[in-house]
Amino acid sequence: MSEQLTTRVPGTPGHEVITNTQLSLDVHKLVVRAPLVAAGRQPGQFVIVRLGDGAERIPLTIADSNADDGSIVLVIQAVGKSTNDLVALSPGDRIHDIAGPLGRPSDLVAEGTVVCVAGGVGAAVMFPIAQGLADLGADIITVLGARTADSVVYADEFTALGKLIVCTDDGTAGRKGFVTDALADVLDERSANVVYAAGPVAMMSAVAETTQPHDVRTIVSLNPIMVDGTGMCGGCRVTVDGKMRFSCVDGPEFDAHGVDFDELADRLGTYRHLERQATTHTCRSAG
Amino acid sequence: MTDQPLSKRARMKIARQEMPSSDVRVRLGSFAEVNLGFTEQIALLEAQRCLDCKRATCVDGCPVSVDIPGFVVEIERGDLAAAARILFADNALPAVTGRVCPQETQCEAVCVLGRKGASVAIGYLERFVADWARGQDRDSAVAMQPSGRRVAVIGAGPGGLTAADELTRRGHAVTVYEALHLPGGVLSYGIPEFRLPNEIVQDEVRRLEALGVQIECNVVIGRTYTLEQLRAEFDAVFVSVGAGLPVFLGIPGEGLKGVYTANEYLTRVNLMRSYAFPDADTPVLHGDRVVVIGGGNVAFDAVRTALRLGARTATIVYRRGRTELPARVEEIDHAEEEGVLFQLQVSPLAIEGNEDRWVTGVRCVDTELGEPDESGRRRPVPIEGSERVIPCDTVVVAVGTRANPLLTSSAPNLEITDRGYLIADDRGMTNIPGVFAGGDIVRGSATVILAMGDGKRIAGMIDEYLCATEVTVNSKPSASTVATESESQQSLTDAVPSVGAQQ
């Protein structure tokens, strides 16, 4: 936390987009001015972003930040209307609302070897955790998965922090196959102290299954549907060790071996039929 | 307007005036307000019913002690500006309380007319005056001597806004921190438009901003700043964060798709305007058969919202009986008019779903009412063999809220109860000097007006505290820069453009 309360930049309301860089076909990296968030954020925390009037509130991990210039980094995969609207922003455009930093900071266990497993855009969720661990002197091995070579993001950043193993579904970069295969090999080779995972629910679930027989502590960063991000709506509830927990205030990180991944995956599908409607509606109004 | 004062007899002959309301068929097609408000003529008749009692019991019945006979007499005289001045002097949000207060258990419950007949419709008259005032240029810029003291208010709900109003009027510089993107708290995210149009709430917020109140949205105390940081920067802090964490039933099936808390359901519809989806981006499930579990105002807001979203059936499931329903009588009446179904003395056991984990029904059991429990209400006892399933596709759980640990977990020195509520003394002060608290975060889930009552009362205590203490924090070099910068800023919310009256 900063020494004194950071105040907003006077002038036009909202948060200025400083840069928008396309990292892959559908993943963009936005650097946005948000001094209040940049001042105190810690690895593992996220923000709730609302582009403007009528827009959704969506949770996004703070991939990085710079307290000196008051900027934060958001990595966004364009999957629905709201994320498509965000990746379409140009430098100088404004995001009306950014609330945060939200969620509990990562529990950084920096002793011995730490394996960081990330899939797809989960790389941006994992990066601040890995960075935090590296700052504490951990020996980091990152297993980074993607569909194809073109969709690998954050490879250079992870390389700077330790050993990197890239896996692609089609073998166009690194190993061909799933991150769990590479993870199993790593765990067979050496004893890891802790495994972190972020990415699609199926991947996190598979990571939990892979580490279970090795008896390695495994921490996952969950991504359920959220509205307010402050514990008020209960929409982000997940079952961990048989108990109901709220991802926004109790998480987003939980012990992977206790998470009910089936429920999480299922609940993420609540609005799938309506998401299509939102996207076609946009296409119609745009056309 | 009358030449001669009416006799008491003549006054008592006038029947209580009915609130004009929109046709049920019109209501169900929109979120427009149901109660249409008194006309000036109806208001005059109703005002003439007031006996202007020497000992006005109604004032004692009001948590913010509005001078009720005072403003009602001005309505009768036709001086609505005077009525508004009297009303606003005691109540920061009369357009809100005139709509959502449970008058039947407060001011109107102790009106002397109520002993033999119907009480004066105080709530409707309050709303009438407040709505009239909305259309006027109000002299909100009360001349005041700046005290040089700065107060942080956490939470822009009814309690926080009321405290901000009181403190500003006493010359203190107030900054309100709001976690959401829109001020108003439960008035904005919770209470639906058909009961309290959001425009009215934002109008009141704009009035406070014009008065000089600074509102900072998207700031989550406990995350963006800690309480300790605020205490170091301000001369006093008022914690009015409400009891925001939803309570679940703890029965099987609450993780199924189609199960909402009332907080989520109402937030999606009210704050995020998902009724307009896909024109607004936030979706909500439009259930065909909706079951709402609970019997309070929030449950009724949810069930009536479901009807407006097109539900074929919308059912209240409540484990006690009709007389125990905690909701306002008017909400229950409106719900009945609108076709809400009631399953009373029915207790939910489990929410059932299909193989795709969508809700298919609520397994329930009938209850009979036994001995009173610790709340004083008769305890519902399940009747053996009465189990059955109420088929539905959407379930809204509206069984209350509890303390949100977000702020307290970041303030380890702050004393809390074992249920996470703040402990405050008679003055509303917590164990941390200069940190005050009121509303639901101290008293547990209650009403808008009780939170406002706390806001008003504790603002007075904060004022006393500030007058009795030396200015210390403002002498710190770090604080002065913050003050200057923040005073030069504009509010960030679109719905609440700063009126630029900070100075």
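As the structure is a prediction and not an experimental result, all values here were calculated from the model. (Residues numbered from 1 in each chain as written. Chains lettered and ligands numbered in written order. Predicted model: local features only at pLDDT ≥ 70, side-chain atom pairs only at ≥ 80, totals over all residues.)

### Details of the overall build of chain B
How we decide: Every helix listed is a DSSP run of H or I at least four residues long, and every strand listed is a run of E at least two residues long, numbered separately from the N terminus. Within these notes, the globule rule equals 2.2 Å times the number of residues to the 0.38 power, and the radius of gyration is based on C-alpha atoms. The burial label depends on the number of other C-beta atoms within 10 Å of a residue's C-beta. Counts of 20 or more mean buried, 12 or fewer mean exposed, and intermediate counts mean partly exposed, with C-beta atoms placed from the backbone.
Helices and strands together make up the secondary structure of chain B, namely 20 helices and 16 strands. For a compact globule of 503 residues, the expected C-alpha radius of gyration is about 23 Å, and chain B comes in at 24 Å, within 12% of that figure. For the C-alpha atoms alone, the extent of chain B along its principal axes is close to 70 × 65 × 50 Å. By residue count, 53% of the 503 residues in chain B fall in the buried class.

### Considering the overall build of chain A
Formally: We call two residues in contact when their backbone-placed C-beta atoms lie within 7 Å.
Along chain A, the regular secondary structure elements total 9 helices and 16 strands. On C-alpha atoms alone, chain A measures out to a radius of gyration of 19 Å, which is about the 19 Å that the 2.2 N^0.38 rule sets for 287 residues. Over its C-alpha atoms, taken along the principal directions, chain A stretches across nearly 55 × 45 × 40 Å. Here chain A holds 287 residues, and 54% of them are scored as buried. When contacts within chain A are restricted to residue pairs at least 6 apart in sequence, those whose partners lie at least 24 apart make up 65%.

### Points about the domain arrangement of chain A
Residue and element names in this part refer to chain A. Under the convention used in this document: Domain segmentation is taken from an automatic or database assignment of domains. Asp, Glu, Lys and Arg are counted as charged, while Ala, Val, Leu, Ile, Met, Phe, Trp, Tyr, Cys and Pro are counted as nonpolar; the rest, among them Gly, fall into the polar class.
Taken as a whole, chain A is organised into domain 1 (15-102) and domain 2 (113-268). Relative placement of domain 1 and domain 2: their C-alpha centres are 21 Å apart. Contact residues are listed per partner, giving 18 residues for domain 1 and 19 residues for domain 2. When residues of the side of domain 1 that touches domain 2 are traced back to their parent elements, those giving at least two are strand 3 (46-50), strand 4 (57-66), strand 5 (71-77) and strand 7 (97-102). Considering every element that reaches the side of domain 1 that touches domain 2, the biggest residue donor is strand 4, with 6 residues. Looking at side-chain class alone, the side of domain 1 that touches domain 2 contains 12 nonpolar, 4 polar and 2 charged residues.

### Some words on the interface of chain B and chain A
Facing 43 residues of chain B, the contacting portion of chain A comprises 45 residues. Put simply, the parts of the chain that give the side of chain B that touches chain A at least two residues each are helix 13 (227-233), strand 5 (245-246), helix 14 (262-271), helix 17 (405-408) and helix 20 (477-487) of chain B. Here the residues of the side of chain B that touches chain A are counted per class, giving 15 nonpolar, 17 polar and 11 charged.

### Observations regarding the sheet that holds strand 2 (residues 27-33) of chain A
All names here are of chain A. What counts here: Any two strands are treated as partners once DSSP identifies two or more bridges connecting them. To obtain each axis, a line is fitted to C-alpha atoms, and for helices this fit is confined to the stretch in contact; angles are then taken between N-to-C directions over 0 to 180 degrees.
Across the sheet, which stays open at both edges, the 7 strands sit in the order 6-1-2-5-4-3-7 with antiparallel pairing between neighbours. One side of each edge strand has no neighbouring strand; the edge strands of this open sheet are strand 6 (94-95) and strand 7. Here strand 1 (residues 15-22) runs beside strand 6; their pairing, made up of 2 bridges, is antiparallel. Each residue of the ladder has a partner; that of H15, found in strand 6, is I95. Against the sheet, helix 3 (residues 122-135) touches strand 4 and strand 5, its axis set at about 45 degrees to strand 4.

### Details of the domain arrangement of chain B
Residue and element names in this part refer to chain B. Considered domain by domain, chain B is made up of domain 1 (8-134), domain 2 (150-244 + 404-487) and domain 3 (248-399). Spacing between the C-alpha centres of domain 1 and domain 2 amounts to 29 Å. Taken residue by residue, the interface counts 17 residues in domain 1 and 23 residues in domain 2. When residues of the side of domain 1 that touches domain 2 are assigned to their parent elements, the largest contribution, 5 residues, is made by helix 7 (residues 94-100). When its residues are assigned to classes, the side of domain 1 that touches domain 2 shows 12 nonpolar, 1 polar and 4 charged.

### Considering the nonpolar core
Put simply, the rule reads: Any set of buried Ala, Val, Leu, Ile, Met, Phe, Trp, Tyr and Cys residues joined through C-beta atoms within 7 Å is what this text calls a nonpolar core.
The biggest cluster of nonpolar side chains holds 238 residues, and the ones touching the most others in it are A:V117, B:V237, B:F238, B:V239, B:V292 and B:A302. It is helix 19 (residues 448-468) of chain B that contributes the most residues to this core, 10 residues altogether. Contact partners of A:V117, with chain neighbours within four places excluded, come to A:V143, A:V179, A:L183, A:V195, A:Y196, A:A197 and A:V207.

### Considering the sheet that holds strand 11 (residues 175-176) of chain A
Residue and element names in this part refer to chain A. Pairing is mixed in the open sheet, where 7 strands are placed in the order 11-10-9-8-12-13-16. Taken across any chain shown, the strands that pair with only one partner, and hence form the sheet edges, are strand 11 and strand 16 (253-255). Examined bridge by bridge, strand 12 (residues 194-198) and strand 13 (residues 217-221) share 4 bridges and lie parallel to one another. Pairing of Y196 across the sheet is with I219, part of strand 13. The strands that helix 3 touches are strand 8 (113-119), strand 9 (139-146), strand 12 and strand 13; relative to strand 8, the one it contacts most, it runs at about 165 degrees.

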